[in-house]
Amino acid sequence: MIEFTADQEKKAMRRDCRAWTKLMAEAWYTSDYPHATDYPAAALVSDLRKVYFVCQANKVSDVGSISILGFDILRANLLMCSKENMDAMMKYFLIHAKAANVDYAQNWIEIYLEEVA
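Quick notes on the rules
- Residues numbered from 1 in each chain as written.
- Predicted model: local features only at pLDDT ≥ 70, side-chain atom pairs only at ≥ 80, totals over all residues.
- Heavy atoms only, no water.
- Phe/Tyr/Trp six-rings, centres within 6.5 Å; stacked < 30°, edge-to-face > 60°.
- Helix = DSSP H or I, 4+ residues; strand = E, 2+ residues; numbered from the N terminus.
- Buried < 20%, exposed > 50% of the residue type's maximum accessible area, 1.4 Å probe, protein only.
- Contact = heavy atoms within 4.5 Å.
- Salt bridge = Lys/Arg side-chain N within 4 Å of Asp/Glu carboxyl O.

Draft legend 1. Expanded view of the packing of aromatic side chains. In this structure the tally under the stated criterion is 7 aromatic pairs. When the centroid spacing of 5.9 Å and the interplanar angle of 80 degrees are considered together, the rings of Trp28 and Tyr39 count as edge-to-face. Linking Trp28 in helix H1 (residues 6-29) with Tyr39 in the loop between H1 and helix H2 (41-57), this pair joins segments that are 11 residues apart in sequence. No difference in accessibility class separates Trp28 from Tyr39, as the two residues are buried. On the basis of an interplanar angle of 35 degrees and a centroid distance of 5.8 Å, the ring pair of Trp28 and Phe71 is categorised as tilted. Residue Trp28 is found in helix H1, and its partner Phe71 is found in helix H3 (residues 63-78); the two are separated by 43 residues along the sequence. Residues Trp28 and Phe71 agree in their burial class; the two are buried.

Dropping the structure here:
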């Protein structure tokens, strides 16, 4: 088995994050979310990177789950949710993602975002 150094792993994670962020940005700007195109590009990249690295730090590496959370955070930002609420949303999602219960977390986050809107 090939062993990677910590630097090699970090470099690979940054590369993967860039690729994922590019795909997410394209998906976001072409989505049907109201005002999606109003999201500043630099903020979008920064917010998505934060989601990606928080997920990786919490051992959630499924790209589908990370993408769901990424879209939720972007929507929450557009709805002017507080940083505390978004941090709580991420924590809640990650708890359920680790337990393979992403759909449950997503349903409750969706309800919350509908109430905020």
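Draft legend 2. Structural detail: the side chain of Asp72. Positionally, Asp72 belongs in helix H3. Once residues within four sequence positions are removed from consideration, Asp72 is found in contact with Met89, Gln106, Ile109 and Leu113.

Draft legend 3. Up close: unusual backbone geometry. One non-glycine residue, His35, lies in the positive phi region at around 65 degrees. In this fold, His35 is placed in the loop between H1 and H2. You can call His35 exposed: its relative accessible area is 57%. Positive phi values are uncommon outside glycine, yet Ala100 reaches one of about 60 degrees. Note that Ala100 resides in the loop between helix H4 (83-98) and helix H5 (102-116). Note on Ala100: relative accessible area 72%, which makes it exposed.

Draft legend 4. Inspection of the pattern of salt bridges at higher detail. A complete count under the given rule lists 6 salt bridges for this structure. For Asp87, the salt bridge is made with Lys50, and the minimal N-O distance between the two is 3.3 Å. Of this pair, Asp87 sits in helix H4 while Lys50 sits in helix H2, placing them 37 residues apart in sequence. Taking relative accessible area as the criterion, Asp87 reaches 29% and is therefore assigned partly exposed. Classification of Lys50 by relative accessible area gives partly exposed; the value is 38%. Connected via shared salt-bridge partners are Lys50, Lys83 and Asp87.

Everything listed here is a matter of coordinates, which is why it stays silent on function.
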